[in-house]
There are 2 protein chains.
Amino acid sequence: MDKKSKKASRLIKSKVAIIGDGSWATALYNTISELDVELYWWVRLPEIKDFIKKYHGNPDFLRFLELHPTISHISTNVNEVVSKCDILLFAIPSPYLKDSLSSLSPRDLKNKIVVSAVKGIIPRTHQLISDFFSHTYKVPEDHFVFLTGPSHAEEVANKRMTYLTLASSSPAAIEAVKPLLDNHFIAIRESADVKGLEYASILKNIYAIAVGICHSLGYGDNFLAVLTSNAVREMKQFFTLASPANRDADSSGYLGDLMVTAFSQFSRNRTFGTMIGKGYSVKSALLELNMIPEGYFASQSFSNLLKHYPQARLPIVTTVYHILYAKADPQKEFRKLEAYLI
Amino acid sequence: MDKKSKKASRLIKSKVAIIGDGSWATALYNTISELDVELYWWVRLPEIKDFIKKYHGNPDFLRFLELHPTISHISTNVNEVVSKCDILLFAIPSPYLKDSLSSLSPRDLKNKIVVSAVKGIIPRTHQLISDFFSHTYKVPEDHFVFLTGPSHAEEVANKRMTYLTLASSSPAAIEAVKPLLDNHFIAIRESADVKGLEYASILKNIYAIAVGICHSLGYGDNFLAVLTSNAVREMKQFFTLASPANRDADSSGYLGDLMVTAFSQFSRNRTFGTMIGKGYSVKSALLELNMIPEGYFASQSFSNLLKHYPQARLPIVTTVYHILYAKADPQKEFRKLEAYLI
């Protein structure tokens, strides 16, 4: 699409893996494949691998993209891909992460830089992705990078200006990853606040469900603005209790990401909320969507987490949790919620 | 439309005036006219007055609304309307406020409660509306109330849930105004931060122009989220310098109002920005719009104001000002702006 950026490509010494075949993984693959880099790609199914090899496009996501499969190695064997690379970018929805990586052992990830592009929480164990990699795979803090920011994959694929935040306790790890993404349509911002950004990226999905519910209950933009500004207040209140680091939570990695999700009509979390607000049961909404919106698990995880912070008041999160897990009536719950918003 | 709220109306002893005939004035008139209150309405032109009397609707704004003209007194004589009332709600766009009130003297406003529903700044003198009423009409602080919040007039007219903030240094003044608006679809929030909320309501119009420009330059939602979260940061930075009161700038009167404006496609400020981004000259955009977007004056006023705060960095405001008043190229200015956003 853009020949110039190809010409201006830099040589990257690290070998890089994209793990995942959804829209975000595909957009990341497409971006990085423009560089002079040895790039590997793990996809789930042989059909997907074959399709990409044959047609130079992902059969399921961002179909308009013409990918560069010649310079890369596509495989359905995650161990093989991981073993060959130094930097691993994981872009798998959190509900599927654990199973997708089950054949890997801590030894396989030793000395690798693990980049999580996963915005979500591990279901049941309620772990942050950083904690999951740390506990299950012994990935040390200084080898872990969280990639976030307001980033619809479609826009990144279309090379529209996007700000991504790389967060790590290790500036060296950020420096290793940065050249992969820093280009003429991506601006990189850096942060040391891994957990704060992870929490923000989880909470926003819960708030997107709330936005969907309120929309189908007939609330308008005036109320949506109140709901969203209160979501920001909740997020910050949680930060001060759970992760009181020094951060600017109004920067794009926190507030920007929350806004792009809350105000996007294409978020699957919002769509899920819209169905719930219209009276679908959770089960039939999940069935009809044919994918699991991350905010569904996140609201349970957060509700669990909040037990450790009895002072925390996150009425929007609690409202979503009650509606999704305690079959509470959306209309009545939102009526109650109104009193808590300022 | 909603007969029930009519039945449940409360007796209001104060005599109330709505000053203005735009959409916000009309929505406020419609809301308050459902109460058992002596209500007066100043409109600019005899034709408008006659139309409303005859057809029970505003000829120019919110035409779908069936107004209750029988219980009110409509006049084109502002002195007459003001003289009869105790509480005056001003809902006139800031560029027209001064001229519309030129026949009034300080004595006419003595002992009245002045409610400003004006989100803007007085052109040329660069005054906040509270300062304008204080300087020109000697309205004391404790008789002034600022009415704000994320409130598209159309949604208020349609009785969709809306949060309005009443701000005054005088709790008694707020108490006097509150019963006029506190009903089943309006939630009132209270504040003592008059100037902070006024600044927020001015800045958001400048940011809406920025959103319009960036939209027509081809930026997408990813960038829009970055622009808007940085607008919030700018607003707060200005607060800490110019008006360091204790406030929660993430509540609906500040952040919510900014969001409803930035993300609304129907804001005239955004439309103006869109035209500028498409290459219209300022003059032809103003001509074609046939109304003056308040952010146009606000960006000049703010640019002026910022000279008093040399430490302040408000790159978005500055960018809009350069484009509108120094004929700077929108594309180039936004390219420069990108570096300042985080």
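Read on for a plain summary of the structure. The structure presented is a predicted model; accordingly, all values stated were derived computationally and were not measured.

Here's the deal with the packing of aromatic side chains
Tallied over the full model, the rule gives 39 aromatic pairs over all chains. The interplanar angle of 0 degrees and the centroid separation of 4.1 Å between the aromatic rings of Phe-263 of chain A and Phe-263 of chain B together place this pair among those described as stacked. Remark: Phe-263 of chain B occurs in the loop between α11 (252-262) and α12 (268-277) and Phe-263 of chain A occurs in the loop between α11 (252-262) and α12 (268-277); the pair is interchain, linking two chains. Like Phe-263 of chain B, Phe-263 of chain A is buried. Measuring from centroid to centroid gives 4.1 Å for Tyr-219 of chain B and Phe-223 of chain B, while their planes differ by 25 degrees, and the two rings are stacked. Take Tyr-219 of chain B: its relative accessible area is 7%, and that puts it in the buried class.

Details of the sheet that holds strand β5 (residues 113-116) of chain B
All names here are of chain B. Pairing is mixed across the open sheet formed by eight strands, whose spatial order is β3-β2-β1-β4-β5-β8-β9-β10. Across the chains shown, the open sheet's two edge strands, defined by having one partner strand only, are β3 (72-75) and β10 (186-191). Neighbour-to-neighbour, the strand axes of this sheet turn through a mean angle of 20 degrees, independent of strand direction. Taken strand by strand, helix α2 (residues 23-32) contacts β1 (11-19), β2 (36-42), β3, β4 (87-90), β8 (144-148), β9 (162-167) and β10, and its axis lies near 160 degrees from that of β2.

With respect to the nonpolar core
Among the nonpolar cores identified, the biggest contains 171 residues, and Phe-133 of chain A together with Phe-133 of chain B are the most heavily contacted of them. Not counting residues up to four positions away in its chain, the partners in contact with Phe-133 of chain A are Phe-90, Leu-97, Leu-101, Leu-109, Val-114, Lys-138, Val-139 and Phe-144 of chain A.

With respect to the interface of chain B and chain A
Counting residues at the interface gives 38 residues for chain B and 38 residues for chain A. Between chain B and chain A the total buried area reaches about 3,200 Å² when both faces are included, carbon and sulfur atoms providing 56% of it. Counting across the interface, chain B meets chain A through four salt bridges. Notably, a salt bridge pairs Lys-236 of chain B with Asp-250 of chain A, separated by 2.8 Å at the nearest N-O pair. Where chain B packs against chain A, one counts 24 residue pairs in polar contact (both at pLDDT 80 or more). Tallying contributions element by element places helix α10 (residues 221-242) of chain B first for the side of chain B that touches chain A, with ten residues. By residue class, the composition of the side of chain B that touches chain A is 16 nonpolar, twelve polar and ten charged.

Examining the sheet that holds strand β10 (residues 186-191) of chain A
Residue and element names in this part refer to chain A. Taken in spatial order, the eight strands make up an open sheet running β3-β2-β1-β4-β5-β8-β9-β10, and their pairing is mixed. The open sheet has two free edges, formed respectively by β3 (72-75) and β10, since each of these has just one partner strand. Neighbour to neighbour, the strand axes of the sheet diverge by 20 degrees on average, direction disregarded. Bridge analysis of strand β1 (residues 11-19) against strand β2 (residues 36-42) gives six bridges, and the strand direction is parallel. For Ala-17, the partnering residue across the bridge sits in β2 and is Tyr-40. Set on the sheet, helix α8 (residues 171-181) makes contact with β1, β4 (87-90), β5 (113-116), β8 (144-148), β9 (162-167) and β10; between it and β10 the angle comes to about 170 degrees. Along the sheet, α11 makes contact with β8, β9 and β10, crossing β9 at roughly 135 degrees.

Basis of the calculations
- Residues numbered from 1 in each chain as written.
- Chains lettered and ligands numbered in written order.
- Predicted model: local features only at pLDDT ≥ 70, side-chain atom pairs only at ≥ 80, totals over all residues.
- Heavy atoms only, no water.
- Phe/Tyr/Trp six-rings, centres within 6.5 Å; stacked < 30°, edge-to-face > 60°.
- Helix = DSSP H or I, 4+ residues; strand = E, 2+ residues; numbered from the N terminus.
- Buried < 20%, exposed > 50% of the residue type's maximum accessible area, 1.4 Å probe, protein only.
- Pairing = 2+ DSSP bridges.
- Axes fitted to C-alpha atoms, helices over the stretch in contact; angles between N-to-C directions.
- Contact = heavy atoms within 4.5 Å.
- Core = buried A, V, L, I, M, F, W, Y, C linked by side-chain atoms within 4.5 Å.
- Buried area = accessible area lost by both parts, 1.4 Å probe.
- Salt bridge = Lys/Arg side-chain N within 4 Å of Asp/Glu carboxyl O.
- Polar contact = N/O pair within 3.5 Å; in protein donor to acceptor, adjacent residues only side chain to side chain.
- Nonpolar A, V, L, I, M, F, W, Y, C, P; charged D, E, K, R; others polar.

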